[in-house]
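# Analysis of the macromolecular model
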Amino acid sequence: MPVRVVESSAPSQVSGANSGKTSPPACTLLSVGQAFSGTQNVSSLQKDEAWRVNVRIQGCDLEHGYLCGTMEALNVPMADTPVVTFWEGEIVDTINYTFFTGKWEATPEDDKKHWDKFPSFSPFKSQVEFDGGKNLDLSNYPYIFMRWKEQYFVNVGTDCGLTIAGFYYVCFSCSDGSISGFYYDPNSSPFQKLELKSTNDGRSGFSFSSYELQ
Amino acid sequence: MPTPASPSASASSSHRRASSDLMVRIGSADSEIKLRALRELKNQIIGNRTKKLFFLKLGAVPAVSCALAEAQAQAQAQAQADLLVQSAAALGSFACGFDAGVRAVLDSGAFANLVALLSFPDDKVVDAGARSLRMIYQSKLAPKYDFLQEENMEFLLSLLNSENETVTGLGASIIIHSCETVVEQKALCHAGVLKKLTSLLEGSPSQKDASLESLATIIKKNPEAASKFVSESRRALSSVTDLSKDRNPRTRLLACMCLIVIRNTSPCYLQDIGIKTKLVYLLLELLDDPGQVGEEASFAFSSLLAQKEDLQKLAFEAKAIDKLHNHLQKHLLQPRRYQGILLALAELCSKLESCRSRFLSLEVLNLVTDALTHEVADVRTAACICLRSVSRSIKSLSAGHFMKEMIVIPLVRLLHDPSTSVQVAALGAVSNIVVDFTTAKSTFLQCGGLKLLVQLSKSMDPILRLNALWGLRNLMFLADNTCKEGIFLELTAPSLSSLICDPEPFVQEQALALVRNLVDGCLDSIEYVFAEDGIILDAIGRQLQSASKAEIGIQGMYVLSNIASGNEFHKEAVMHQLLLQVNNGTQAFILKFLQSNDSQLRTAAIWTIINLTFPSSPGASSRVVKLRNAGIVSQIKTMVNDPCVDVKLRVRTALGQFMTIGDSST
């Protein structure tokens, strides 16, 4: 989700490869087409504020630890319409990506501070302190840790007065499909919390769509 | 009334007279006259396609063939040897790069006579025969040589062992033309052909080329042959590698192709980053060759990159996209070169987002779009394959880079291309482009794409049906209500139900995936499967009962699961399908799927149960009772420690719901 521009900075490029193929998800609730809604707390010292946020998963390539989708911020004060951004995600699978970001102005200390905010991270804390957790097997863990980085604005120009310079530390619960995240941008308010829940379009249950690229 | 002939008409008639005279002289009983005529004919047709055709129509090939046979019958005198040489050379000239000529030579019965020349004592005669036969073996029309017959293999070995360079070249040409099966590859290896060809790598330039090409033919897709070649002689592989630095561009290309075949056949060889990088740079350089080498280099480059992300990355770093883009910008590209460049770009963009991103930033897309309307079918196909590769970028699909009239209109036109391979390739690109995450799916409908996809989904050709349905399934993904309605009205419920029951399992799978997307999203969309007395839902039930592969079960169960996430009526309709067999006394497919080895199928099945027993729905408790009576609840209880995390978590959700609803036995 975009935040107000404080200082201009170009978004980093994700170099991750993706074949374009959609591999089966580790968790069905995180598969392509799934939607989530909730809020991002953008409170500052001046005032308490939370923006409504919708997320939709558009692509998933577990082999490359890749996930992508859109994020829609609904009640952005300075925008006439909801602001949609496209984001790309790195799944912390210790094969393609580890808990350490190594870019986007995030130091290992920043990483640890943010991961530490998720209760589900606690079993890995000491191992991550020790060697970055590079040998951890997270494949059977019921939570998926990710970094989501917004890449471009889908429906507004870059001159909209908003920035997508930062990125999110994200934790997804495979049990109920809830997502929590913390936005990190050295130039924005720290620890802006993102909280999302799986949505079901008014249904009495869960619905799943799918596509397959050729 | 006769009028004076114009100068050109007069020249033409005198030419015809001279040619008829030449034909008469070829048939002359005087050896000297015949010899001169044969030489004259040969000189006239060399490299001249028009002349070849002209003399072909005059019946020159049977006449020369006759001269050859006569000279063979009385071959002692020197004059006869010259006649043999000249007649063989003339026949070779007719066959050189000219299929009509090859056909005429074969029809004239001269082939056996040319083979017989190889046993003559006179070297010049042997050479002429071999040269002529090589020309024939360069054509697809040449007869297939049966290596599996012992005497044939011996004859081939005698050719390869010959001192005469043309004869060894003929041996290699025979292998290149006729070795097609693994059995033939094995027979050649067993007979020691690899060793002989390896030794020829040190021979003359033409022997090197012929040997490289033959080696590639024998090794292709045959790991045993690759391993034998590498292990038989320590020098073998390094000789080929050395030839990739040869002065002659054709030799360099053939050496690269041989190395690529070895690597693609047995990936354990040539893993060194140095050789990989070298191959990338060599082939990019060879692309600059203005002739056939440049054309073939792009195809070799494609086979080097195919399915190999590491090599695609190296090629990207070597600025391959920029170089191919430069070639594509040249005017009047020969169709084969055009096709080769497009296919190379397709391979480059098949896996890496960095390549696709560069492709788009250089605006190569515009040039590829132009190629969609090229007159040659192979070029159109290649352009579609290239579009298919680059449209695998979800980042670009999300930005709506492809759903534009300038791309969609020509692509839709190709859906009724006379060539099936163009249609299939176009469907591949369409299938990706219609995923489009923006709200622009309507562009495709407005361009008439939907109608054509639906038409093709009813084709007699199962490949067209599959790909058309694939496109419709992706078009249906997250489509808005108007788009969904449009697709459904065009496709109709009876057609959809018959596609679900298509004889081809992969068509069934796509049809079910399409329905899955149809009933996703807005709650009202579930109603589509109840149209026309529920024929779609009944077809799904039938298909799930007899599902021949897990993928059909997965898609079918997600259809039922999505329907089960609707209202009470929807849930009860799914219950009816699940318990139909139980009531008939046979095992319910849901039980079979819950016990499947495929974790995705187990997941889909358990989601259906979760939706049927969703706690807020009024009929949930009665459904739990029915599911328990059918043995489904007890089956789910056995799955609490399922090895798949997703299944395990869903089982917990289901059991939690049974408990909430009040299943006392839980």
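Residues numbered from 1 in each chain as written. Chains lettered and ligands numbered in written order. Predicted model: local features only at pLDDT ≥ 70, side-chain atom pairs only at ≥ 80, totals over all residues. Heavy atoms only, no water.

## Thoughts on the packing of helix 33 (residues 505–518) of chain B against helix 35 (residues 550–564) of chain B
Residues and elements named next belong to chain B. Relative orientation of the contacting elements helix 33 and helix 35 amounts to 20°, with a least axis distance of 8 Å. Classified by the angle their axes make, helix 33 and helix 35 are roughly parallel. As for the relative orientation of helix 33 and helix 35, their crossing is left-handed in sense. Residue-level inspection shows P505, Q508, E509, L512, A513, V515 and R516 of helix 33 in contact with helix 35, the latter providing E551, I552, Q555, G556, Y558, V559 and N562. In the contact of helix 33 with helix 35, the residues fall into seven nonpolar, four polar and three charged. (Axes fitted to C-alpha atoms, helices over the stretch in contact; angles between N-to-C directions. Helix = DSSP H or I, 4+ residues; strand = E, 2+ residues; numbered from the N terminus. Parallel < 35°, antiparallel > 145°, perpendicular 65-115°, else oblique. Left-handed = near helix turned anticlockwise from the far one by under 90°. Contact = heavy atoms within 4.5 Å. Nonpolar A, V, L, I, M, F, W, Y, C, P; charged D, E, K, R; others polar.)

## A closer look at the pairing of strand 9 (residues 179–184) of chain A
All names here are of chain A. Where burial is concerned, most of strand 9 is hidden: five out of the six residues are buried. Looking at chain direction, strand 8 (residues 167–173) and strand 9 are connected through six bridges and run antiparallel. Across the sheet, residue V170 finds its bridge partner in strand 9, namely G181. Pairing between strand 9 and strand 10 (residues 192–198): five bridges, direction antiparallel. Residue F182 lies in a different strand from strand 10, and its bridge partner there is K193. (Buried < 20%, exposed > 50% of the residue type's maximum accessible area, 1.4 Å probe, protein only. Pairing = 2+ DSSP bridges.)

## Things to note about the sheet that holds strand 6 (residues 143–153) of chain A
Residue and element names in this part refer to chain A. The sheet built from eight strands closes into a barrel, its strands ordered 2-3-4-5-6-8-9-10 with antiparallel pairing. Within this sheet the neighbouring strands show an average axis-to-axis angle of 30°, counted without direction. Here eight bridges tie strand 3 (residues 50–61) to strand 4 (residues 66–73), and the two strands are oriented antiparallel to one another. By the bridge assignment for strand 4, G59 is matched with C68.

## Looking at the pairing of strand 4 of chain A
Of all eight residues in strand 4 of chain A, seven are buried; the element is thus mostly enclosed. What sits between the antiparallel neighbours strand 3 of chain A and strand 4 of chain A is a turn of four residues, in which G65 of chain A has the positive phi angle 60°.

## Some words on the environment of V85 of chain B
All names here are of chain B. By secondary structure assignment, the location of V85 is in helix 5 (residues 78–95). With relative accessibility at 18%, the residue V85 sits in the buried group. Considering only alpha carbons, one finds V85 and L360, 275 residues apart in sequence, at a separation of 58 Å.

## Let's talk about the layout of surface pockets
Residues and elements named next belong to chain B. A volume near 1,600 Å³ is recorded for the largest pocket. Around the largest pocket sit 38 residues that line it, and I176, E213, T217, M257 and E296 are the ones nearest its centre. Of all the elements in the fold, those that place two or more residues in the lining of the largest pocket are helix 8 (123–137), helix 10 (165–178), helix 11 (182–190), helix 13 (205–219), helix 16 (249–265) and helix 18 (292–305). Sorting elements by how many residues they give to the lining of the largest pocket places helix 16 first, with eight residues. Residue classes in the lining of the largest pocket are distributed as 14 nonpolar, 13 polar and 11 charged. (1 Å grid on protein atoms, 1.4 Å probe; cavity = no way out; pocket = protein on both sides within 12 Å on 5 of 7 lines; lining within 4 Å. Points joined across faces, edges and corners; volume = space filled by probe spheres on them.)

## Some details on the nonpolar core
Note that soluble globular proteins tend to have their nonpolar side chains buried in a common cluster. By size, the foremost hydrophobic cluster in this structure holds 270 residues, and its most contacted members are W148 of chain A together with F301 and M557 of chain B. There are two domains that each give this core at least three residues, and those are domain 1 (14–143) and domain 2 (533–666) of chain B. Setting aside chain neighbours within four positions, we find M557 of chain B in contact with L544, L578, F589, I590, F593, L601, A604, A605 and T608 of chain B. V92, W104, F124 and F167 of chain A belong to the second-largest nonpolar core, a separate cluster that totals 18 residues. (Core = buried A, V, L, I, M, F, W, Y, C linked by side-chain atoms within 4.5 Å. Domains from an automatic or database assignment.)

## Focus: the domain arrangement of chain B
Each assigned domain of chain B is listed with its residue range as follows: domain 1 (14–143) and domain 2 (533–666). When each unit is reduced to the centre of its C-alpha atoms, the spacing between domain 1 of chain B and domain 2 of chain B is 78 Å.

## Quick look at the state of the cysteines
Following the criterion strictly, the structure yields zero disulfides over all chains and no others. Between C349 of chain B, a free cysteine, and C355 of chain B, which holds the nearest cysteine sulfur, the sulfur-to-sulfur gap is 5.7 Å. (Disulfide = S-S within 2.5 Å.)

## Notes on the interface of chain B and chain A
Listed per partner, the contact involves 55 residues of chain B and 45 residues of chain A. Interface of chain B and chain A: buried area, both sides summed, is about 3,900 Å²; carbon and sulfur atoms make up 50% of it. Considering only the side of chain B, the residues that lose the most area to chain A are I394, K395 and W607 of chain B, jointly responsible for 16% of the buried surface there. Taken together, the links from chain B to chain A amount to two salt bridges. One salt bridge connects E88 of chain A with K395 of chain B, and the closest N-O pair in it is separated by 3.9 Å. For the pair chain B and chain A, the interface holds 30 residue pairs in polar contact (both at pLDDT 80 or more). Breaking the side of chain B that touches chain A down by element, the ones donating at least two residues are helix 22 (353–361), helix 25 (394–398), helix 27 (420–433), helix 30 (462–476), helix 33, helix 35, helix 38 (599–612) and helix 41 (645–661) of chain B. (Buried area = accessible area lost by both parts, 1.4 Å probe. Salt bridge = Lys/Arg side-chain N within 4 Å of Asp/Glu carboxyl O. Polar contact = N/O pair within 3.5 Å; in protein donor to acceptor, adjacent residues only side chain to side chain.)

## Brief notes about unusual backbone geometry
Its identity is not glycine, yet F191 of chain A carries a phi of approximately 55°, on the positive side. The exposure class assigned to F191 of chain A is partly exposed, which follows from its relative accessible area of 29%. At K319 of chain B, a residue that is not glycine, the phi angle is positive and equals roughly 60°. Assignment of secondary structure puts K319 of chain B in the loop between helix 19 (309–317) and helix 20 (320–329).

## Focus: helix 17 (residues 273–286) of chain B
Residues and elements named next belong to chain B. Compared with an ideal rise of 1.5 Å per residue, which puts 14 residues at 20 Å, helix 17 spans 20 Å between its outermost C-alpha atoms and is within 8% of the ideal. For helix 17, the complete set of buried residues consists of I275, K276, L279, V280, L282, L283, L284 and L286. Where helix 17 is buried, its residues contact helix 15 (234–243), helix 16, helix 18, helix 19 and helix 20. (Expected span 1.5 Å × (residues − 1).)

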